[in-house]
Amino acid sequence: MAAPEIIHKLVENFNENRDGYRSGKYNEAQLRLEFLNPFFESLGWDVYNKNGWAPENRDVVIEDSMDIEGSSKKPDYTFKLGRERKFFVEAKKPKVDIQYDIHPAYQLRRYAWNAHMPLSVLTDFEELAIYNCKAKPDVKDSAATAREKFYRYTDYVEKWDEIAGILSKDAVWKGAFDRFADVSKGKKGTTTVDDEFLKDMSNWRVLLARNIALRNPIGDEEQLNYAVQMTIDRIIFLRICEDRGIEPEEQLKGLAEKPGIYTNLVELFKRADIKYNSGLFHFKLEKGNGTPEDRFTPGLNIDDKVLKEIIKDIYYPCPYIFKEIPVEILGQVYEQFLGKVIRLTAGHRAEVEEKPEVRKAGGVYYTPKYIVDYIVQNTVGKLLKGKTPAEAARLKIVDPACGSGSFLLGAYQHLLDWHLKWYTENEPERWVKGKNAALTQTTRALTGGFAGYRLTTEKKKEILVNNIHGVDIDAQAVEVTKLSLLLKVLEEESGQLTLGFERVLPDLGKNIQCGNSLIGEDYFAGRLVSDPAERKRVNPFDWQRAFPEVFAQGGFDAVIGNPPYSLVDDKKQKSYYSKSYLTTEGRIDTFELFIEKGITLCNQSGELGYIIPSPLLSNLYSRKLRKYLLTNCGIREITNFGLEVFRDPTIHTCIIIINSKKVDDHVKIRKKVTDPSKLSDDYDYEIEQSKLGINANSVIDIFVDPIANQILQRMNNNAVELGEICFIRQCIKTGDDATYVKKYSSPPGEPWKPTLRGRSISRYSTLERNEYVKYGKWLARNWKNDSFYKTEKIGVRETGNQIIATLDTEYRYFLSSLYAIYPKLSDTNYDIRYLLGFLNSSLATYFIKTIALELTTGAFSKFRTNQLARLPVKKIDLEVENANNICAFLINLVDRMLDLHKQTPTTPREQEQLQREIESTDRQIDALVYELYGLTEEEIRIVKGDER
């Protein structure tokens, strides 16, 4: 696109008066007004807020210019989409050498790095530099370090299209800005602020743990973990308050320059107790305070050397600007931090190791912000519609497995935004006055010169205490959630807070509590004395006693979160869950328990919003839970993801939004979201809830849109499910293939059995014949009964983007990557070769792709035995001549396919001829299957062209 006329004029004006602009008399404020504001307006940004957006939603936030050497002042401009900050612009006088001066580049990169922004801009109009801000800044970096683009003012007209393609509002809206930022993703030296801060916090934990264990008589690991975390949390909290101007500047640094650092820190902590009342600092028993006092940490001995090293790491020239690190990013750091725990060795040495549950899960998976925001918007946001602040104050929101508090932070931020919008749209002047004022007027620095408002600290405290609740079994997670929420209260504060009769922060001891959300006191019912160690480990939680005010009004209005996903292997707990929950069946996964628990925590019309594993919708062991939801609740929405929401590609997830009350309404379905930016797009379709889960297993077929449903209904006419006529078995899991599976050129004898695995087969053929499995009790699964291996059976590969099946007539023992299928009755009318032909047909794969949430394009997609069991096998009436003829012809073609795959051509010509015949026979099988199921020409085209 051509440069607008205003850009031509700006360039011409600057060129004509360049010497004057470069003189020291022309200041930055003049430059911004005369050149930069119109420059960015030409890129589509509403610099002067002509649209009249509320302060939190305006395109551009302009800061007062006050450049102090070595300070961490905010950049001059912040460019946003809604509340999301996209990039900074730092303005300098034309006298500054943008191309070579180190300090301005470092200043900008440091700020943007802390704010978690990938790109930002440095300019004096004469020059403009775009920096990649993902790499950790170093004060010694050259001005060219991480600089992606550099323009002189003489380039603006000619290269306007390129500049607009990155920095215009339209480019940001359409994702071009983000794509440009991603080009340099993974460059050498790239390390985000959360990664770097996690590294430092982990180092502090080791230093403190070892020193506290050495200098204090601690025999309890829980005490040690508490002491270390509270010390770190308190230091970080006060350092952030310093950076925001709430606490005196460099007070921690000053303490570190004198002997007896910890003694002086304790005195500082006690003063903070008087000021903040947060539970983070709570050393005296107080009436009405829900947090037990800390009488343990003030008496600790910690060496000065350790504390000096920690405090040194949080002051300049460290790269951190604590007031700018988003609370949500700090939560992500803590989520990873809490994945490890301090253990005491036999020699009383403190060691840090991964928690068993984290090791089992393969790491810590933090919920992305776009998931949190979406669930909050569609639960809490829905509940707030049409309400007044007085009505909103009665809403009760809970995350029953809150972790580091990401969902509660999201809900709290949404409430803050909603309240600010409501008050500013309803006579804002009225709400600034009085003892309980909800609003305070903002300064020019926050609004770029336009009148604005923000919520008072008292109102933010009131919203937090009234609305936000959470529970977690991990005491450390509970403390982190409290810390994050308290920092959110203070997020917009700057300058010394005046101390009145009421302390600055609320006590969250009654809002955020520690306990096992899934197990109540009835776990120990019937025992005169419970084992203290077991009670401590189980940590039972009584919801009614913990939140009496909530249940006095019927329960929570919204239950949100990302419940833990893990199979229950503790026998006592499994027995308890089986008796206490209505929906358990067979193996038990905690996320399913959290769904039932969440529904029971809701009031009569409460909203539940979770991100959970997609197998809930079809897994055999989840059928009672599905039936429970379909019968008792109103499922408002299901959004399935075709992307890795978490780092583990094997975790397939969906968002489910449920109302606790059964309603006659339509369920909104998104079949597969592959781009986070498309999450708020229209739904694929809506369907009446009564039409979901109508089969025997209450499977929820979200992929079955109206067109696919028509084909599936036709397939189900006069058909029987494969699982009714055949056994479908998962096979041997060795636990260690390297030990129990070997290749031999000749049969090795007992206990070795000939075996096949997924990669050993192709459609209608076996690729390997010389592998053997050592069969016996040492195997991890399916070794006790080997009778079903000693039969003619179909082997189906577990993974692949289509059904891959072959016939085993040699009675081989399948490994777990193959499913075994064989008839339940020996005198069945369903010849096994007829079943094999159907399984390998395009129609069978279409069916599986339509219903199987895990089966997507890709080599390692997989489907389950219960999904195979649902395949509709056409009933064969041997007295109906046409059906009998098709069946016989199909069996003949399958026999031919089996024979063709056994041939070993030698010349290229023979190979080509063989392949042609295989393809021709395959097409004939497909055509027969289409005829057998009565598909129309249009339906056949849909099946052939299916790309799901």
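Residues numbered from 1 in each chain as written. Predicted model: local features only at pLDDT ≥ 70, side-chain atom pairs only at ≥ 80, totals over all residues. Heavy atoms only, no water.

> Go over the pairing of strand β5 (residues 127-132) with me, naming the residues and quoting the values.
Burial runs high along β5: six of the six residues are buried. Covered by surrounding structure in β5 are Glu127, Ala129 and Tyr131 together with Leu128, Ile130 and Asn132, the residues of both alternating faces. Sheet topology note: the strand β4 (residues 119-123)/β5 ladder contains five bridges and is antiparallel. Residue pairing in the sheet places Val121 in a bridge with Ile130 of β5. Between the antiparallel neighbours β4 and β5 lie three residues, among them Phe125 with a positive phi of about 70 degrees. Direction of pairing for β5 relative to strand β6 (residues 147-152): antiparallel, over a ladder of five bridges. What sits directly across from Ile130, in β6, is Lys149. (Buried < 20%, exposed > 50% of the residue type's maximum accessible area, 1.4 Å probe, protein only. Helix = DSSP H or I, 4+ residues; strand = E, 2+ residues; numbered from the N terminus. Pairing = 2+ DSSP bridges.)

> Residues and numbers for the sheet that holds β5, please.
Pairing in this open sheet of six strands is mixed, and the strands run β1-β2-β3-β4-β5-β6 from one edge to the other. The open sheet terminates on both sides in strands that have one partner only, identified here as β1 (60-62) and β6. Between one strand axis and the next, the sheet turns through 20 degrees on average, direction left out of account. The strands that helix α5 (residues 160-167) touches are β3 (84-91), β4, β5 and β6; relative to β6, the one it contacts most, it runs at about 140 degrees. (Axes fitted to C-alpha atoms, helices over the stretch in contact; angles between N-to-C directions. Contact = heavy atoms within 4.5 Å.)

> So what about the side chain of Glu771? Which residues, and what values?
Among the structural elements, Glu771 can be located in strand β26 (residues 771-774). Excluding residues within four positions of it along the chain, Glu771 makes contact with Val741, Lys742, Lys743, Lys753, Pro754, Thr755, Arg757, Arg759 and Ser760.

> Help me get a handle on the packing of helix α18 (residues 406-425) against helix α20 (residues 457-467), residues and values and all.
The contact between α18 and α20 brings their axes to 10 Å, and the two run at 130 degrees. Relative to α20, the element α18 lies oblique. Taken as a pair, α18 and α20 cross one another with a handedness that is right-handed. For the pair α18 and α20, the contacting residues are Tyr412, Leu415, Leu416, His419 and Tyr423 in the first and Lys459, Lys460, Lys461, Ile463, Leu464 and Asn467 in the second. Residue classes in the contact of α18 with α20 are distributed as six nonpolar, two polar and three charged. (Parallel < 35°, antiparallel > 145°, perpendicular 65-115°, else oblique. Left-handed = near helix turned anticlockwise from the far one by under 90°. Nonpolar A, V, L, I, M, F, W, Y, C, P; charged D, E, K, R; others polar.)

> Explain the sheet that holds strand β23 (residues 752-756) residue by residue, including any values.
Here four strands make up an open sheet; going across it, the order is β22-β26-β23-β29 and the pairing mixed. At either end of the open sheet lies a strand with only one pairing partner, and these are β22 (741-743) and β29 (813-814).

> So what's going on with the packing of aromatic side chains? Which residues, and what values?
Within the structure shown, the criterion is met by 54 aromatic pairs. Between the aromatic rings of Phe197 and Trp204, the centroid separation amounts to 5.7 Å while the plane-to-plane angle is 85 degrees, which identifies the pairing as edge-to-face. Residue class for Phe197 comes out buried when judged on its relative accessible area of 2%. Both rings, one in Phe547 and one in Phe556, keep their centres 5.6 Å apart while their planes meet at 75 degrees; by these two values the pair is edge-to-face. The residue whose ring lies beneath Arg32 is Tyr77, and the NZ or CZ to ring-centre distance is 5.5 Å. Between Lys793 and the ring centre of Phe814, over which it is positioned, the NZ or CZ distance is 4.8 Å. (Phe/Tyr/Trp six-rings, centres within 6.5 Å; stacked < 30°, edge-to-face > 60°. Lys NZ or Arg CZ within 6 Å of the ring centre and 35° of its normal.)

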